[in-house]
Amino acid sequence: MCNIFDYDDGDYLFPLGDDMAFDSDGDMYLRLSDTMALDMDDGEIHFVSGWDDEDD
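Residue positions within a chain follow its written sequence, with the count starting from 1. For this predicted model, a pLDDT threshold of at least 70 governs which residues receive local features, and a threshold of 80 or more governs which side-chain atom pairs are given and counted, while totals over whole chains, interfaces and linings are taken from all residues. Here the side-chain values reflect all heavy atoms present in the structure, with hydrogen atoms and water set aside.

Take the pattern of salt bridges next. By definition, a salt bridge exists where a carboxyl oxygen of Asp or Glu is found within 4 Å of a side-chain nitrogen of Lys or Arg. In the structure shown here, the tally under the stated rule is one salt bridge. The salt bridge involving D34 is made with R31; its shortest N-O contact spans 2.3 Å. Accessible area is worked out with a 1.4 Å probe on protein chains only. A residue is then buried under 20% of its type maximum, exposed over 50%, and partly exposed in between. According to the relative accessible area criterion, D34 is partly exposed, its value standing at 38%. When its relative accessible area of 14% is taken as the criterion, R31 is described as buried.

Turning our attention to the side chain of H46. Secondary structure elements are defined from DSSP: runs of H or I of at least 4 residues count as helices, runs of E of at least 2 residues count as strands, and each element is numbered from the N terminus. Inspection of the secondary structure assignment puts H46 in strand β6 (residues 45-47). A relative accessible area of 2% places H46 in the buried class. Counting of polar contacts relies on pairs of N or O atoms within 3.5 Å, with two restrictions inside protein: one atom must be capable of donating a hydrogen and the other of accepting it, and residues adjacent in sequence are counted only when both atoms are side-chain atoms. A distance of 2.9 Å separates the side chain of H46 from the side chain of D6, its partner in a polar contact. Ignoring any residue separated from it by four or fewer positions in sequence, one finds H46 in contact with D6, D8, D9, Y29, T35, M36, A37 and D39. Contact criterion: two residues are considered in contact whenever any of their non-hydrogen atoms come within 4.5 Å of each other.

Only one face of strand β2 (residues 11-15) is covered, namely the face carrying D11, L13 and P15; the face carrying Y12 and F14 is uncovered. Where strand β1 (residues 4-6) lies against β2, three bridges are found, and the strand directions are antiparallel. Paired with F5 across the bridge in β2 is Y12. Following DSSP output, two strands are said to pair if at least two bridges run between them. Counting the residues that bridge the hairpin from β1 to β2 gives four residues, and of these G10 lies at a positive phi of roughly 70 degrees. The sheet contact formed by β2 and strand β3 (residues 20-23) spans three bridges and is antiparallel. The partner of L13 across the bridge, within β3, is D23. Two successive antiparallel strands, β2 and β3, enclose a turn made up of four residues.

Quick look at the structure:
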């Protein structure tokens, strides 16, 4: 798995599996689609560079 860039924060997300990730601040993210993630701490939707599927 590779790191995912968060365009809204200018930070990287580090995947924990197919649908979860965290950033350098420790915020947890839930994958909504290949290019969107939900910040579980504040409920905001973030646009991300792309979330690779393990099946691809």
